[in-house]
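# Structure assessment
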Amino acid sequence: MKARTATRFAPVLLLAAIASYVLFPDYLALITQIMILAIFALSYDLLQGHTGIVSLGHAAFFGLGAYSVAILSRFGVTEPVLGLFAAGAVSAVVALVLSPIVARGNDLTRLLITLGIGSLLYEAANRARAWTGGADGLSDFALSPLLGVFEFDFLGRTAFFYSFAVLALVYACLLRITTSPFGLALAGIRENTTRMRAIGAPTARHIAVSYMLSGAIAGLGGAVLAQTSHFVSLDMLGFDRSAEVMMVATLGGTGTLHGVVIGAAGFGYVKDALSTLSPKYWHLALGIVLMASVLLMKGGIAGALARLAAWRKR
Amino acid sequence: MTAALESRNLAVRYGHFSAVGGVDLAIAPGARHALIGPNGAGKTTLVHALTGNVAATAGSVHLDGEDITHLAQPARVRKGLARTFQINQLFRSQTVLENVLLAVFERQRATRAFWRSATGDRRAIAEAREHIALVNLASLADQPVHRLAYGQQRMVEIAIALATRPRVLILDEPAAGVPTTESAVIFERLEALPREMTLIFVEHDMNLVFRFAERITVLVAGKVLTEGTPAEISADERVREVYLGRRGHHAA
Ligand SMILES: Nc1ncnc2c1ncn2[C@@H]1O[C@H](COP(=O)(O)OP(=O)(O)OP(=O)(O)O)[C@@H](O)[C@H]1O
Ligand SMILES: [Mg+2]
């Protein structure tokens, strides 16, 4: 059901992206950031929305992807697409290695463990100045033109299309993953682990694979941010980013691909608008907007859209 | 002949409370075996221990002669030991078909595949629909489970268990919470299952027990009081006292 809606929304989102490019040529940087936020939120929601497990340290994999791009370029991996997939692979491997400690336990222990993973990696990146630039971040890494052809121009056109292509790829992959036999098993874990064990399901294995895939996609998001902004810094690993993505998924409608993308757009836009409106109080205002929308819209934006569709059908 | 399912001195303690206190069971292959006893006798706990939902505190469990005591539940399921639950354990927002299909996929280990479409697997879907048809739910296959009536949800419990293709199936009060007229239908469906499948069921309704069971074990306070044919059990004074007698008293 939800997957069918997410499929139907794919062309709508595609058109929206093209329209935004045509209509708001001055805002390409913001739109690119929103698309990166959407990639990250989609990766996170594979855990929360589809598998039913929570994480408070998901930025670890986002940041890992970003730093991988910068560090790998020192070893000659400067072509963005190559760097992108290498970064995804690094995040995937680290997520897989960490997955056994995430798979066991309940929601509360998972929150604490993922929070711990996040801050550990943050501190490690902070200490390893030689590699990461510590608190200053890194911007002196080389990037060759995309596919050997397209330079990242200062108008942000290449960045826009590149982020868009990665987002479209991630959306399509997640559409497939969530409608696969594996995706059905993830829904099973979300809905009833007792029953999953009683049908012989290897739940820990499923959770580990879900965590790995989610980490890989988060790594892609981080890589795109590093490449399009040509900068990496500690905040890409930080707790704020982990918490933000949780809010985006909840606002958009957790468990729905289209909802999460729309949620990212809404969140990114409101955050930008509020921070220009009031550089001092925008945090407060954002908090109020979020609380109001969570309280007033059950199931987030996707839930509201579904109710609207049901109402129109009557 | 080796028992299809056997327990030796099986015990489960919750703190200082002994819920199952040293149970010896031997269920013959193809049996239709009832497990009865008053509320709180430890029937569900015994089922938990047999199937691996809770760890046994002492004793052992054997499936076709193989010691499975230290296997986790999923491993026992893959060896052919399935169960249903006294209180529904379903994927409530998923359709009936998805509930059963997932069990088929898990049995085939097809759930490892995240690159294929689930709905593209026509064979698995056809099999799932067969299990669903067997429990009379064919017309409701595409409904989300939470929309079904309670009795129909009990049928989904059974269909999911069947989709694991068990050799031994333990049913914990399959007709719990269902009107008597419907509970007979559930048991008639169970009677139609292949004879080679070993069935163990917990049931409170004595009419159903005497109608469908070929052997009966009576559990009282976590221990086996006696075991025998329906005729032997109904003639047993002690059973009358602790169980039938009490029920008879209620009826009067
Ligand atoms: N997790 C638990 N912790 C502590 N005590 C428990 C637990 N589960 C069950 N018990 C106790 O163990 C005893 C046996 O419970 P069990 O559910 O096995 O009985 P039952 O024979 O299935 O009863 P019923 O006919 O009502 O289903 C009861 O006294 C119950 O309170
Ligand atoms: Mg019980």
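Residues numbered from 1 in each chain as written. Chains lettered and ligands numbered in written order. Predicted model: local features only at pLDDT ≥ 70, side-chain atom pairs only at ≥ 80, totals over all residues. Heavy atoms only, no water.

We now examine the overall build of chain A. Of the regular secondary structure elements, chain A holds 14 helices and zero strands. When its helices and strands are written in sequence order, chain A yields α-α-α-α-α-α-α-α-α-α-α-α-α-α. Computed over the C-alpha atoms, the radius of gyration of chain A is 19 Å, within 12% of the 20 Å expected from 2.2 N^0.38 for a compact globule of 314 residues. Here the C-alpha coordinates of chain A stretch approximately 50 × 45 × 40 Å along the principal axes. Across the 314 residues of chain A, 52% fall into the buried class. Considering only contacts in chain A between residues 6 or more positions apart, those separated by 24 or more positions represent 78%. If you sum the accessible surface of chain A, you get close to 14300 Å²; carbon and sulfur atoms cover 70% of it. With 22 positive and 14 negative side-chain charges, chain A shows a spacing of 17 Å between the two charge centroids. (Helix = DSSP H or I, 4+ residues; strand = E, 2+ residues; numbered from the N terminus. Rg over C-alpha atoms; globule rule 2.2 N^0.38 Å. Buried < 20%, exposed > 50% of the residue type's maximum accessible area, 1.4 Å probe, protein only. Contact = heavy atoms within 4.5 Å. Areas by Shrake-Rupley, 256 points an atom, 1.4 Å probe, with all protein chains shown as cover. Lys, Arg positive; Asp, Glu negative; His and termini not counted. Charge placed at Lys NZ, Arg CZ, Asp CG, Glu CD.)

With that settled, the discussion passes to the packing of aromatic side chains. All names here are of chain B. Tallied over the full model, the rule gives eight aromatic pairs over all chains. With centroids separated by 5.2 Å and ring planes inclined at 25°, the aromatic side chains of F187 and F212 adopt a geometry described as stacked. Of this pair, F187 sits in helix α6 (residues 180-191) while F212 sits in helix α7 (residues 206-212), placing them 25 residues apart in sequence. Of note, R83 hangs over the ring of F85, and the distance from its end group to the ring centre comes to 4.1 Å. (Phe/Tyr/Trp six-rings, centres within 6.5 Å; stacked < 30°, edge-to-face > 60°. Lys NZ or Arg CZ within 6 Å of the ring centre and 35° of its normal.)

All right, on to the domain arrangement of chain B then. Residues and elements named next belong to chain B. On domain assignment, one finds that chain B holds domain 1 (1-80 + 167-252) and domain 2 (89-165). For domain 1 and domain 2, the distance between their C-alpha centroids amounts to 26 Å. Taken together, the 18 residues of domain 1 in the interface contact 14 residues of domain 2. Of the roughly 1100 Å² buried at the junction of domain 1 and domain 2 (both faces included), carbon and sulfur atoms supply 67%. Summed over the shared surface of domain 1 and domain 2, the number is zero salt bridges. The tally of links between domain 1 and domain 2 comes to three residue pairs in polar contact (both at pLDDT 80 or more). Per-class residue counts for the side of domain 1 that touches domain 2 are eleven nonpolar, one polar and six charged. (Domains from an automatic or database assignment. Buried area = accessible area lost by both parts, 1.4 Å probe. Salt bridge = Lys/Arg side-chain N within 4 Å of Asp/Glu carboxyl O. Polar contact = N/O pair within 3.5 Å; in protein donor to acceptor, adjacent residues only side chain to side chain. Nonpolar A, V, L, I, M, F, W, Y, C, P; charged D, E, K, R; others polar.)

A word on the coordination of the magnesium ion (ligand 2). Geometry reference: four tetrahedral donors at a metal, ideal angle 109.5 degrees. Six octahedral donors, ideal angles 90 or 180 degrees. All names here are of chain B. Distances from the magnesium ion (ligand 2) to its protein donors, T44 (OG1) and Q86 (OE1), fall at 1.9 to 2.1 Å. Separated by 42 residues along the polypeptide, T44 in helix α1 (residues 43-51) and Q86 in the loop between β6 (81-84) and α3 (96-108) bring together distant segments of the chain. By relative accessible area, T44 is classed as partly exposed at 23%. Classification of Q86 by relative accessible area gives partly exposed; the value is 28%. (Donors = N, O, S within 2.8 Å, 3.2 Å for Na, K, Ca; no water.)

Orientation of helix α8 (residues 181-191) of chain A relative to α3 of chain B, taken along the N-to-C sense of each, is 115°, at an axis distance of 10 Å. Viewed along their axes, α8 of chain A and α3 of chain B form a crossing whose handedness is left-handed. Residue-level contacts link P181, L184, A185 and G188 of chain A of α8 of chain A to E98, L101, L102, F105 and E106 of chain B of α3 of chain B. Looking at the contact of α8 of chain A with α3 of chain B, its residues break down into six nonpolar, one polar and two charged. (Axes fitted to C-alpha atoms, helices over the stretch in contact; angles between N-to-C directions. Left-handed = near helix turned anticlockwise from the far one by under 90°.)

Residue and element names in this part refer to chain B. With respect to topology, four strands assemble into an open sheet ordered β2-β1-β4-β5, the strand pairing being antiparallel. The strands lining the two open edges of the sheet, one partner per strand, are β2 (17-27) and β5 (66-67). Bridge count between strand β1 (residues 5-14) and β2: eight bridges; the pairing is antiparallel. The residue of β2 that forms the bridge with V12 is V20. Running over the sheet, α1 touches β1, β2 and β4 (58-63) and is turned about 115° from β1. (Pairing = 2+ DSSP bridges.)

Time to look at the pattern of salt bridges. All names here are of chain B. This structure, assessed with the given rule, holds 16 salt bridges over all chains. With a shortest N-O distance of 2.9 Å, E227 and R215 are connected by a salt bridge. A residue pair is termed long-range when its members are at least 10 positions apart, and E227 in strand β10 (residues 223-228) and R215 in strand β9 (residues 215-220) qualify at twelve residues. A residue is classified by how much of its surface remains accessible, and E227, at 30% relative accessible area, is partly exposed. Put simply, R238 and D236 hold a salt bridge, and the shortest N to O gap is 3.2 Å. The exposure class assigned to R238 is partly exposed, which follows from its relative accessible area of 43%. Judged by relative accessible area, which is 14%, D236 ranks as buried. If you follow the salt bridges from partner to partner, you end up with R107, E127 and R165 in one network.

Our next topic: the side chain of H62 of chain B. All names here are of chain B. Inspection of the secondary structure puts H62 in strand β4. Of note is the side chain of H62, whose polar atom sits 2.8 Å from the side chain of S60. In contact with H62, not counting residues within four places along its chain, are A4, L5, E6, R8, D67 and I68.

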